[in-house]
Amino acid sequence: MDQPEDGVPIAELLDERQHLLDVVTWMLGSSSEAECVTDEAYRRWYALSDQVRAQITAPRAWLANVAGGICLARLALPSGREAPAGEQEADETLAEEISEVLLYAVDSLSPAERAAFVLNDVFGVTPDVLPRVVGQPVSENTEPADRALGSLQAGRTRPTTSQQHDAVVHAVREACVREDAVFLTSLMAPDATAFFDGGGKIRALVKPVHGNRRVARSLLTLLARRPRTTLHAQSVNGLTGLVVRYDHQVAAVISLDIAGRHVVQVWAVLNPDKLRSWNQAGRRTYP
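Since we're looking at a predicted model, the values are computed, not measured.

Student: Before we move on, can you summarise the packing of aromatic side chains with the specific residues and values?
Tutor: Enumeration over the complete set of coordinates arrives at two aromatic pairs. For the pair phenylalanine 195 and tryptophan 267, a centre-to-centre distance of 4.2 Å together with 15° between the ring planes defines the contact as stacked. Separated by 72 residues along the polypeptide, phenylalanine 195 in strand 1 (residues 188-197) and tryptophan 267 in strand 6 (residues 262-269) bring together distant segments of the chain. Overall, phenylalanine 195 belongs to the buried group, its relative accessible area being 3%.

Written as C-alpha cells, this is what we have:
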C-alpha cells in the first residue's frame, strides 16, 4: 500500500532505493545508468494519482518491476543508440522541484493570504484593489500580501537567541532518540509545519504536515530507531540542525525554524542529489 500519512522510516526508504540500484546495476552492468533508471522509476511512481498509489500494496516490488521494465527497454535498443532523455528532462525535473517547494510554502497560508500573495506578487494587482478581490478588509497597517510573506517568514522573524535555538534543537534530538512523542510534541508550536524534500527520488512525504502532533509523529516515524542509523546535532546552513546518518552516510539534513522555545517549521532534505556534498570524502562528519 502507499505509505501511511506519517511516512516511512528513513532506513526503509534508503534500503528500497539501494535495492533498485542493485537490480538495475545487475541488469545493465552500469552504476551510472542505474541512477538514471532508478530516478525514472520514482518519477513514474509520483506520476500516479494518489488513488492509484494507494491501491499498490507493495511499493518496493512495484518500483522494482518498473525499473526492470525500463532496463529491458534499454537493452532492446539498437547498439550505440541512447534512450531519449537529456537536458529537456533535467530542466523539467528542476522546474517540478521548484514548483513543489513553492506550493508547499503557499499551502501553509490562509485562503485570503494565498490569494493576496499570488495576485500581488505574481500578477501585480495593486494593494488598493486586493481587498475587493479577496473579499476581506485590509488592516490599516498591514496589506494581505505582507501578511502572507510574514506568515511564510514567521519562524525567522521572531527573536530567538542562538542559545535558545541550540537548546531546542538538542531537546528535539533527545526526544527523537528516546522516541518520546509527548516530549517532542511539547517542543512544537501548535501550528508547526514540516516539509519533506525527497526530490522525487525517494518515497518521502509529498505534502507538508501541519500541527504539532502530526509533525512530531512524522519526525518520529522518519527517524525511527533502526540499526546503523544515527542522529546528530550539528551546523546546518550556519545554525544548529539535525543530521541523520545511515551506514555512516548522510541520509537526511533537517533544519529547524524556532520561535522562542518552540519549533515552528521543519525542513527535512532527503533528496540524494542535494546530500552529495554532505557525503564528499574528507568532509567533517561530526561536530
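Having seen it, we continue.
Student: Give a detailed account of the nonpolar core, specifying residues and quantitative values.
Tutor: Ranked by internal contacts, the top residues of the largest apolar core, which has 41 residues, are Val172, Leu184, Phe196, Ile254, Leu256 and Leu270. Core analysis: the second largest hydrophobic core is formed by 16 residues, Val24, Leu28, Leu63 and Cys71 among them.

Student: Account for the side chain of aspartate 257, with residues named and values stated.
Tutor: Topologically, aspartate 257 is positioned in strand 5 (residues 249-259). Within the structure, aspartate 257 has its side chain in polar contact with the side chain of tryptophan 267 (distance 3.2 Å).

Student: Can you lay out the packing of helix 2 (residues 31-47) against helix 4 (residues 59-75) for me, pointing to particular residues and giving the numbers?
Tutor: For any two helices packed against each other, the geometry is given by the interaxial angle and the distance between the axes. The interhelical angle for the contact between helix 2 and helix 4, taken along N-to-C directions, is 125°, at an axis separation of 9 Å. One way to sum up the angle between helix 2 and helix 4 is to call them oblique. Crossing of helix 2 against helix 4: the hand is right-handed. Touching Glu33, Cys36, Val37, Glu40, Ala41, Tyr42, Arg44 and Trp45 of helix 2 are Pro59, Trp62, Leu63, Val66, Ala67, Ile70, Cys71 and Arg74, all from helix 4. Residue composition of the contact of helix 2 with helix 4, by class: twelve nonpolar, no polar and four charged.

Student: Which residues make up the pairing of strand 1, and what values do they have?
Tutor: It is a general feature of regular strands that their side chains alternate between the two faces of the sheet. Counting buried positions along strand 1 yields eight of ten residues, so the element is predominantly enclosed. Bridge count for strand 1 against strand 6 is six bridges, and the pairing is parallel. Within strand 6, the residue paired with threonine 193 across the bridge is glutamine 265. Pairing of strand 1 with strand 2 (residues 209-210), which is carried by two bridges, proceeds in the antiparallel orientation. From the neighbouring strand, threonine 193 faces strand 2, where its bridge partner is histidine 210.

Student: Kindly report on the environment of valine 266, identifying the contributing residues and their values.
Tutor: One can find valine 266 in strand 6. In the structure, valine 266 is positioned 57 residues away from valine 209 in sequence and 9.4 Å away in space, judged by C-alpha atoms. Not counting residues within four places of it along the chain, the set of residues in contact with valine 266 comprises Thr193, Ala194, Phe195, Val215, Leu219, Ile254, Ser255 and Leu256.

Student: Which residues make up helix 10 (residues 162-178), and what values do they have?
Tutor: Taking 1.5 Å per residue as the helical rise, helix 10 with its 17 residues ought to reach 24 Å, and the 24 Å between its terminal C-alpha atoms agrees with that figure. Looking at helix 10, one finds that the buried residues are His165, Val168, Val169, Ala171, Val172, Ala175 and Cys176. Axial view of helix 10: buried residues confined to an arc of 160°, hence all on one face. Looking at the buried side of helix 10, the elements it contacts are helix 11 (181-186), helix 12 (212-222), strand 3 (229-236), strand 4 (239-246), strand 5 and strand 6.

Student: Report on the sheet that holds strand 6, specifying residues and quantitative values.
Tutor: Taking strand neighbours across the sheet as the criterion, the six strands line up as 2-1-6-5-4-3 in an open arrangement whose pairing is mixed. Each edge of the open sheet is held by one strand with a lone partner, namely strand 2 and strand 3. Where strand 5 and strand 6 come together, seven bridges link them in antiparallel fashion. Among the inter-strand pairings, alanine 259 is bridged to a residue of strand 6, identified as histidine 262. Across the sheet, helix 1 (residues 10-28) lies against strand 3, strand 4 and strand 5, angled at about 55° from strand 4, the strand it touches most. Together, strand 3, strand 4, strand 5 and strand 6 form the strand contacts of helix 10, whose direction differs from that of strand 4 by roughly 25°.

Student: Which residues make up the pattern of salt bridges, and what values do they have?
Tutor: Across all of its chains, the model carries 16 salt bridges by this definition. One salt bridge connects arginine 203 with glutamate 16, and the closest N-O pair in it is separated by 2.9 Å. Here arginine 203, found in the loop between strand 1 and strand 2, pairs with glutamate 16, found in helix 1; they are 187 residues apart in sequence, far enough to count as distant. For glutamate 16, a relative accessible area of 2% puts it in the buried group. Its salt-bridge partner being lysine 207, residue aspartate 50 comes within 3.7 Å of it at the nearest N-O pair. On the criterion of sequence distance, the pair formed by aspartate 50 in helix 3 (residues 50-54) and lysine 207 in the loop between strand 1 and strand 2 is long-range, its members being 157 residues apart. Taking relative accessible area as the criterion, aspartate 50 reaches 40% and is therefore assigned partly exposed.

Rules used in this analysis
- Residues numbered from 1 in each chain as written.
- Predicted model: local features only at pLDDT ≥ 70, side-chain atom pairs only at ≥ 80, totals over all residues.
- Heavy atoms only, no water.
- Phe/Tyr/Trp six-rings, centres within 6.5 Å; stacked < 30°, edge-to-face > 60°.
- Helix = DSSP H or I, 4+ residues; strand = E, 2+ residues; numbered from the N terminus.
- Buried < 20%, exposed > 50% of the residue type's maximum accessible area, 1.4 Å probe, protein only.
- Core = buried A, V, L, I, M, F, W, Y, C linked by side-chain atoms within 4.5 Å.
- Polar contact = N/O pair within 3.5 Å; in protein donor to acceptor, adjacent residues only side chain to side chain.
- Axes fitted to C-alpha atoms, helices over the stretch in contact; angles between N-to-C directions.
- Parallel < 35°, antiparallel > 145°, perpendicular 65-115°, else oblique.
- Left-handed = near helix turned anticlockwise from the far one by under 90°.
- Contact = heavy atoms within 4.5 Å.
- Nonpolar A, V, L, I, M, F, W, Y, C, P; charged D, E, K, R; others polar.
- Pairing = 2+ DSSP bridges.
- Expected span 1.5 Å × (residues − 1).
- Arc of directions from axis to C-beta.
- Salt bridge = Lys/Arg side-chain N within 4 Å of Asp/Glu carboxyl O.

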